[in-house]
Amino acid sequence: MNSTATSPVSEATQPLLALRGLEKRFSLSGDFLEQLQFKGGKLVRHQEHVHAINGVDLEIQRGEALCVVGESGCGKSTVARTVMGLITPSAGEVHYAGQRIDDLSTKQLLPYRRRMQMIFQNPYASLNPRMTIQQTLEEPIRLHHPDWTAQRIKDKVNEVMLSVGIDPDWGPRYGHEFSGGQRQRIAIARALAVDPEFIVADEPISALDVSIQAQVLNLLMEAQQRHNLTYLFITHDLAVVEHFGTRVAVMYLGRVCEVAPTATLFARPRHPYTQALMSAIPRLEDDRPQHIRLKGEVPTPVHLPSGCVFHGRCPHADTRCREEVPALIATDDGGQVACHAVEEGRI
Amino acid sequence: MTTLTTRPASRWERFRDSFLLYSFKRDLIAQLSLLVFILLVAAAVLAPWLAPMNPYDLAQIDILASELPPFWVDGSDPTYLMGTDAQGRDLLSTILYGARVSLIIGFGAVALQATLGICFGLLAGYLGGRVDAFLMRLADIQLSFSTLMVAIVVGALFKAIFGGGTFSDYAVPLLVLIIGLAEWPQYARTVRASVLAEKGKEYVDAARVMGLPSRRIMFRHILPNTLSPIFVISTVQVANAIISEAALSFLGLGMPETQPSLGSLIKSGFDYLQSGSWWITLIPGLVLVVLVLVINLLGDWLRDVLNPRLYKG
Amino acid sequence: MSLLDVNHLDVRFALRGGDVRALRDVCFSLDRGERLGIVGESGAGKSVAAFSLLNLIAKPGYIAGGSIRFDGQELTTLSDRALRKVRGHRMSMIFQDPMMTLNPVLTIGEQMVECLKAHRRISTREARGISLNKLQQVQIPSPEARLDQYPHELSGGMRQRVIIAIALLLDPDIIIADEPTTALDVTIQAEIMALLLELCEKHNVGLILITHDLGVVSQVTQRMLVMYAGRVIEQGPTREIINDPQHPYTQGLINALPQMATPGSRLNQIPGSMPSLSNLPSGCAFHPRCSFVERADGSRRQACHDQVPEFVTSGNCQAACHMVAEMIESERIPAEEQD
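Calculation criteria
Residues numbered from 1 in each chain as written. Chains lettered and ligands numbered in written order. Predicted model: local features only at pLDDT ≥ 70, side-chain atom pairs only at ≥ 80, totals over all residues. UniProt positions renumbered as here; feature names shortened; annotations may be inferred. Helix = DSSP H or I, 4+ residues; strand = E, 2+ residues; numbered from the N terminus. Pairing = 2+ DSSP bridges. Contact = placed C-beta atoms within 7 Å. Axes fitted to C-alpha atoms, helices over the stretch in contact; angles between N-to-C directions. Domains from an automatic or database assignment. Nonpolar A, V, L, I, M, F, W, Y, C, P; charged D, E, K, R; others polar. Buried ≥ 20, exposed ≤ 12 C-beta atoms within 10 Å, placed from the backbone. Arc of directions from axis to C-beta. Parallel < 35°, antiparallel > 145°, perpendicular 65-115°, else oblique. Left-handed = near helix turned anticlockwise from the far one by under 90°.

Trainee: Looking at this structure, I do not really get the UniProt feature "domain: ABC transporter" (unreviewed entry) in chain C. What am I missing?
Mentor: Feature annotation in UniProt assigns "domain: ABC transporter" (unreviewed entry) to the following positions: residues 6–254 of chain C. Counted over residues 6–254 of chain C, helix gives 39% and strand 27%. Its end C-alpha atoms are 26 Å apart.

This is the structure we're talking about:
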């Protein structure tokens, strides 16, 4: 264990969260006995992996809302879950306020649990069906403030319930008595109950109806202002990103292909994948530009393509793209992009 | 947002409006089964007050009045409604006391099975990996011996080592222990399967993100959500345990004849079946069948209502 | 006369607390080759509307009233046998989950041939030829190989293409697509939608597209219905509704989209949530959430609370709203006075 004596000065200047070379593989081959196979008369151990994330470097500064976008299977949720310690990375490090946290034990993590919280996608599954709202909200407070009196805990629960627009009188009710939007409010209240500074939101509105999505987004933005929160916001909806995010990271097959301030990215997407993604959003306006049609489909993350993971579908791919993995390079407008074609000035 | 009334439903109101009660009111078989079950349990529990005689009290036993038939057969004595057994004990009283012993062993064994099985199932399902592999292989091994075989070996060993007298003194706890230990894998497997299903849900992740210790997540968050299959399997297991006990007693490895259970009553009457005293075996046998049947019928109904898809018998 | 005419359709679900009215008084029509969007949030009844067209509502649901006329034929009273001929043959359906249509143990080819042979007297060889042709039409790479593949060997986007090929197999007049791209990624969604649009235009097939995504509706359909709590509350040409919605709910729905607000600012949310169908508010079902009700004067506020609004025509659109009715009224009176 290195010493935890990080001075407040350095903590303020360094990024709140930093991911360095993060990788996660999930085994597809079961336990040891199931991995053994007969091949050519010999017993060999055969393992297959899903490469959920392959070398992700990201930094999140205090006070910003970093949105991670990408299609299903691009590893964006795995990033969120790794940051929260729900998954241990196969390689790489997670640093929170200068302190490496991915190798800490449950007990050592406890102080960080209070500072970082998570909001989940499915409000129908994220509340324990056998607990009342009151119990659900009291639990984290009691855990992180064992010295608080019952009355103080109760007051705090009332306060967070009011702040998310849930009537405190509904405390003795169970989750299933509420609508999806109300449940998501309660889930947000649970995350806010311990006064965190950093919130990971994994597709928090994609399970909700359009009119409710706006309510929840508004609530998240209000909470950000009131509590000075930093967000890591996972979504597949670019319209939400444009509205909510200060910076955007676009992921494809477990790699970050572009990071840029939101306005820059939407004004001038650099990476060919980002361009295709943006052109595919169904817009209300009639003057739809012909969307960029990508050939083929996303390859499975079991057998990753060599070189740039996007080369099989990219209209600009050449031999270098097929062989060499592109690194994230800084662009002139404050972003970073991982593309040989951009680097060489071909696009 | 105005769909909710201001006052939350009380426990009783929730029960009143629940699907459980709704379907119970519409299921005649479940109602009859519950009625019979409650009557049998009440009769067994209240045996000391209900029974005309105390079969454990040797002073009340009249050896001359042995093998009297029940009241509807010629030659019966109206004092002994259901007749008497070979030792002259009033059969009705003996059945009531015997049912008590059977029920105590049944429920006791199931309580033990459930405690072991739930703990192991929770650990295996939640922790996964090596713990899971070890516990489940243990369960497989346990299941590959039949309950009766284990019980016969243990019972016979105990009898041989400590003698029949000690065995009789500790017969009830010993039977609870044997049947309880032999059947825990049923629970462990069911619980593990539902833990695996629950573990993937986001509320468990939320609890982990909160920083709650594993023990609390297992018992406070996951366990309450696996109760439905546990209830269903419990009904089946109580019935099974009662049958196991009866079988062991019948083989002479269960309750001694001095403190008869339904099983040992059946056995004690079996020797007199040839001499025409059928009632000593048949009446306790009938009570046993009815008891097990109503428990199983209740279990079936409960399974249909709670519909735990994970439950495999 | 339109190809499809739905009038005063009333669908109910017999539940233990009594009947729940899932659809009330739903009226719409579809011309040959027309593309109609049905928009609404979950619980609005849009899927029930689609299922009832093919009489596919599962028990305890049933059609309690109204009529569905398809090409002059009344579908609500049709026998199961006769209905099966319409279903699949003249109207086909695309579900959100492709695995609802595809049988996992049969190859794509077997399923397509089976479907063709059930409706037409043709040889297996001919059926295979038609299947191949349809797979080519949906632009599946190496269609011949796909015929012998099982559904699980295909990706999600590919499966949905197969589903579209199956839907087109018998050259239907109408395709009903229930959230066909919701489970897919944006880039795949855009391609599937473009394909569906292209095929419908080319073969002059009518499309009923059920979705919650206003963006998709605005790009694909010519006319749209907006549903709320089991009722159609607004209908008209898609462009006009998107650009100038009349009903306060439609307005709220469109204004709530993040793309309608400046980045970082507060979104225009509709307060509250959709009422449950078993416990609908009196009068206009939207009134507890409607921002215009508070601002209204006494008599109209009373009307919103007590009376179910009738449809009023405004331009090419129709909306069921007391406020819209009042506005049209007030515009007309001065115009008449001037005469």
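Trainee: What am I meant to see in the sheet that holds strand 10 (residues 230–235) of chain A here?
Mentor: For sheets, the rule is that strands pair by backbone hydrogen bonds, running either parallel or antiparallel. Residue and element names in this part refer to chain A. Strand order in this open sheet of 8 strands is 8-9-10-5-11-12-14-13, and the pairing throughout is mixed. Of all the strands in the sheet, the pair left with one neighbour each is strand 8 (116–119) and strand 13 (329–330). Here strand 5 (residues 65–69) runs beside strand 11 (residues 247–252); their pairing, made up of 4 bridges, is parallel. Its bridge partner being in strand 11, L66 is matched across the sheet by R247. Packing of helix 11 (residues 272–279) onto the sheet brings it into contact with strand 11 and strand 12 (255–261), and relative to strand 11 it is tilted by some 100°.

Trainee: Looking at this structure, how should I read the domain arrangement of chain C?
Mentor: In many analyses, interface size is given as the accessible surface area lost on bringing the parts together. All names here are of chain C. Each domain of chain C was delimited in the assignment, giving domain 1 (2–232) and domain 2 (240–257 + 280–332). Computed over C-alpha atoms, the centres of domain 1 and domain 2 are 31 Å apart. Tallying the contact residues gives 7 residues for domain 1 and 12 residues for domain 2. Looking at the side of domain 1 that touches domain 2, the elements with two or more residues in it are helix 8 (214–220) and strand 9 (223–228). Take the side of domain 1 that touches domain 2: its biggest share by element is 3 residues, from strand 9. Taken together, the residues of the side of domain 1 that touches domain 2 break down into 5 nonpolar, 1 polar and 1 charged.

Trainee: Looking at this structure, how should I read helix 10 (residues 214–222) of chain B?
Mentor: Residues separated by three or four positions in an α-helix point in the same direction, a consequence of the helix having 3.6 residues per turn. Residue and element names in this part refer to chain B. Here helix 10 has its buried residues at I217, M218, H221 and I222. End-on, the buried residues of helix 10 take up no more than an arc of 115°, which puts them together on one face. Packing partners of the buried residues in helix 10 comprise helix 5 (91–127), helix 8 (171–199) and helix 9 (202–210).

Trainee: Would you explain the pairing of strand 10 (residues 231–237) of chain C in this entry?
Mentor: Remark: a regular strand shows side chains that alternate across the two faces of the sheet. All names here are of chain C. Among the 7 residues in strand 10, 6 count as buried, and that is most of the element. Inspection of the sheet shows strand 9 paired to strand 10 by 6 bridges, in the antiparallel sense. Residue R223 lies in a different strand from strand 10, and its bridge partner there is P237. Connecting strand 9 to the next strand, strand 10, in antiparallel fashion are 2 residues, including A229 with a positive phi near 50°.

Trainee: Just checking my understanding: could you explain the interface of chain A and chain B for this structure?
Mentor: Across the boundary between the two partners, chain A contributes 26 residues, which contact 18 residues of chain B. Secondary structure elements with two or more residues in the side of chain A that touches chain B: helix 4 (106–115), strand 8, helix 5 (133–144) and helix 7 (180–192) of chain A.

Trainee: Would you take a moment to explain the interface of chain A and chain C for this structure?
Mentor: Taken residue by residue, the interface counts 32 residues in chain A and 33 residues in chain C. Contributing elements (two or more residues each) for the side of chain A that touches chain C: helix 8 (210–227), helix 9 (238–244) and helix 11 of chain A. In terms of residue count, helix 8 of chain A provides more of the side of chain A that touches chain C than any other element does, 8 residues in total. The residue inventory of the side of chain A that touches chain C, partitioned by class, reads 14 nonpolar, 10 polar and 8 charged.

Trainee: Honestly, the packing of helix 12 (residues 262–270) of chain B against helix 13 (residues 279–306) of chain B in this entry has me stumped. Any pointers?
Mentor: For any two helices packed against each other, the geometry comes down to the angle between their axes and how far apart the axes lie. Residue and element names in this part refer to chain B. The contact between helix 12 and helix 13 brings their axes to 7 Å, and the two run at 155°. As far as their axial angle goes, helix 13 and helix 12 are roughly antiparallel. For the pair helix 12 and helix 13, the sense of crossing is left-handed. The segment helix 12 lies against helix 13, with L262, L265, I266, S268, G269 and F270 engaging I280, T281, P284, G285, V287 and L288. Looking at the contact of helix 12 with helix 13, its residues break down into 8 nonpolar, 4 polar and no charged.

Trainee: For this particular structure, what's the right way to read the UniProt feature "domain: ABC transmembrane type-1" (unreviewed entry) in chain B?
Mentor: Feature annotation in UniProt places "domain: ABC transmembrane type-1" (unreviewed entry) on residues 99–299 of chain B, given in this structure's numbering. What you have in residues 99–299 of chain B is 84% helix and 0% strand, and the ends, taken at the C-alpha atoms, are 20 Å apart.

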